[in-house]
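Descriptive structure summary
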Amino acid sequence: MKANAVTYVVDDDPAVRDGLCALLGTVSIPTRAYASANEFLQIAEPGMVGCLVVDVRMPGMSGLELLHILKARDIHLPVIVISGHGDVAMAVRAMKAGAVDFLLKPFNEQELLDQIFASLNLSDQNSSLKQTREQAAQRFSELTPRERQILDRIMQCQHSKAIAFDLGISEKTVDVHRFNIMRKTGTRNISQLIQLRIQAGDAGSMSDAGLRPGEI
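Residues numbered from 1 in each chain as written. Predicted model: local features only at pLDDT ≥ 70, side-chain atom pairs only at ≥ 80, totals over all residues. Heavy atoms only, no water.

1. Let's talk about the overall build of the protein chain
- From N to C terminus, the protein chain includes nine helices and five strands.
- Reading the protein chain from its N end, one meets helices and strands in the order β-α-β-α-β-α-β-α-β-α-α-α-α-α.
- When the 216 residues of the protein chain are sorted by exposure, 43% land in the buried category.
- Of the roughly 11,600 Å² that the protein chain leaves accessible, carbon and sulfur atoms contribute 53%. (Helix = DSSP H or I, 4+ residues; strand = E, 2+ residues; numbered from the N terminus. Buried < 20%, exposed > 50% of the residue type's maximum accessible area, 1.4 Å probe, protein only. Areas by Shrake-Rupley, 256 points an atom, 1.4 Å probe, with all protein chains shown as cover.)

2. Structural notes on the nonpolar core
- Ranked by internal contacts, the top residues of the largest apolar core, which has 28 residues, are Tyr-8, Phe-40, Leu-52, Val-54, Leu-66, Leu-70 and Val-81.
- For this core, the secondary structure elements donating two or more residues are strand E1 (6-10), helix H2 (37-41), strand E3 (50-55), helix H3 (63-72), strand E4 (79-83) and helix H4 (88-96).
- Among the elements that make up this core, the one with the highest residue count is H3 (four residues).
- Excluding its chain neighbours within four sequence positions, the residues that come into contact with Leu-66 are Ala-37, Phe-40, Leu-41, Leu-52, Val-54 and Met-61.
- Membership of the second largest hydrophobic core comes to 18 residues, among which are Leu-23, Leu-24, Val-53 and Leu-103. (Core = buried A, V, L, I, M, F, W, Y, C linked by side-chain atoms within 4.5 Å. Contact = heavy atoms within 4.5 Å.)

3. Re the side chain of Glu-147
- Secondary-structure assignment places Glu-147 in helix H6 (residues 145-155).
- According to the relative accessible area criterion, Glu-147 is buried, its value standing at 3%.
- Contacts of Glu-147, omitting those with residues within four sequence positions, involve Glu-142, His-177, Asn-180, Ile-181 and Lys-184.

4. Topic: unusual backbone geometry
- Cis geometry is found at the peptide bond from Lys-105 to Pro-106, where omega equals -10 degrees.
- Within the secondary structure, Pro-106 is located in the loop between strand E5 (101-104) and helix H5 (109-140).
- Its identity is not glycine, yet Ser-28 carries a phi of approximately 60 degrees, on the positive side.
- Inspection of the secondary structure puts Ser-28 in the loop between helix H1 (14-25) and strand E2 (31-34).

5. Here's the deal with the sheet that holds E3
- Pairing in this open sheet of five strands is parallel, and the strands run E2-E1-E3-E4-E5 from one edge to the other. Bordering the open sheet on either side are E2 and E5, each of which pairs with just one other strand. The mean angle between the axes of side-by-side strands here comes to 20 degrees, regardless of whether they run parallel or antiparallel.
- Across four bridges, the pairing between E1 and E2 is parallel. (Pairing = 2+ DSSP bridges. Axes fitted to C-alpha atoms, helices over the stretch in contact; angles between N-to-C directions.)

6. Section: H3
- Inspection of H3 places Gly-63, Leu-64, Leu-66, Leu-67 and Leu-70 among the buried residues, and these make up the whole buried set. Each buried residue of H3 lies within a common arc of 155 degrees when the element is viewed along its axis, so the set occupies one face.
- Looking at the residues trailing H3, positive phi occurs at Asp-74, about 60 degrees. (Arc of directions from axis to C-beta.)

Shape is all these values report; function is a separate question.
Here's what the structure looks like:
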């Protein structure tokens, strides 16, 4: 768990907020509490590390509405939804909105702590994965459109001869592009190149638009 991982508590009941902060303090989990969803949104931003514990029913914006806004803003925190008036239908709605768990008040303290620890670890893993993808994508950012076309075909297990035929260029030209791709990405062989491309996700790909067959 990263040192900057924080558990954010959003509940309009001050007794619940104080109780949760005190509970988390007993296991040394950094905590910040907010009385409303709007108050939390003022500090929420992409890249946050931690987890969110939010009441589903609050004056103004509800916990479920908050989940939808966080998703729209590309803020991916594991969310634990709590409620004193929950039912199966509400629990299903919460999970569909992206919550990792739904707990009814009064909840078992150990159960909540276990889920918070699991959520903080999940947030840490997601943060590390995002960083890895960004670093991998950066290494592909210098590729030319033609090099990206060839990279996409390498990912489809095509050999130089097939790539050359497909793109209407010479096999020697394909090999030159392949060499440049590996040089720019810092990979030493095709296996490393494929692994890095997978890590980069969609950011490493590019359509064939803009180049006609036979263009270098």
